[in-house]
Amino acid sequence: MIGVDPHKASHTAVAISAAEEPLGELRVRACAAQAERLLAWAAAWPQRTWAVEARQLLAAGERVLDVPPKLGARVRLLAAGDTNKNDPNNARSVAIAALRSAGVREVRADDHAAVLKIWSKRHRDLGRTAPRSCAGCTRCCAS
């Protein structure tokens, strides 16, 4: 299992065994070449699964699990007794959460488009109902 802690400027990946022992760690600059560097590093583990939402990995044919941030935070808290937040700990916690949790779902390439459609519809629906529900209000609407 390879957990990834993504940030705007860099991504930290930690590979762990089924026994949750660290096998390797890599930090890459967030750029167009990041997926290539991550894949080259991860080649040491041919039966790998990635625990992070990452379009570039999906496009490369990798298996990716979506681990909710709260789940990774819970693993950090249980493992260390505090949140001990740093990139390698976050990445390792994401990998452990993916190993332990049966509820973590696999990311599909079309998930992003489906989510955007849902958000768009929700935004449209809210836009239609907000003026009616607020009509005549003196607190938030100009009278």
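For the structure, see preceding data.
From a predicted model like this one, the values you see are computed outputs, not experimental measurements. (Residues numbered from 1 in each chain as written. Predicted model: local features only at pLDDT ≥ 70, side-chain atom pairs only at ≥ 80, totals over all residues. Heavy atoms only, no water.)

### As for the pairing of strand 1 (residues 2-6)
On any regular strand, side chains alternate: one points to one face of the sheet, the next to the other face.
Working step 1: Strand 1 sits mainly inside the fold: four of its five residues count as buried.
Working step 2: Bridging between strand 1 and strand 2 (residues 10-16) involves five bridges; their strand directions are antiparallel. Following the sheet pairing, I2 is matched in strand 2 by A15.
Working step 3: In sequence, strand 1 turns back onto strand 2 through a hairpin of three residues.
Working step 4: As paired elements, strand 1 and strand 4 (residues 50-51) share two bridges and run parallel to each other. What sits directly across from I2, in strand 4, is W50. (Buried < 20%, exposed > 50% of the residue type's maximum accessible area, 1.4 Å probe, protein only. Helix = DSSP H or I, 4+ residues; strand = E, 2+ residues; numbered from the N terminus. Pairing = 2+ DSSP bridges.)

### Section: the environment of A18
Working step 1: Within the secondary structure layout, A18 lies in the loop between strand 2 and strand 3 (22-29).
Working step 2: The exposed category is assigned to A18, whose relative accessible area is 74%.
Working step 3: Sequence separation between A18 and R100 is 82 residues, and the spatial gap between their C-alpha atoms is 9.6 Å.

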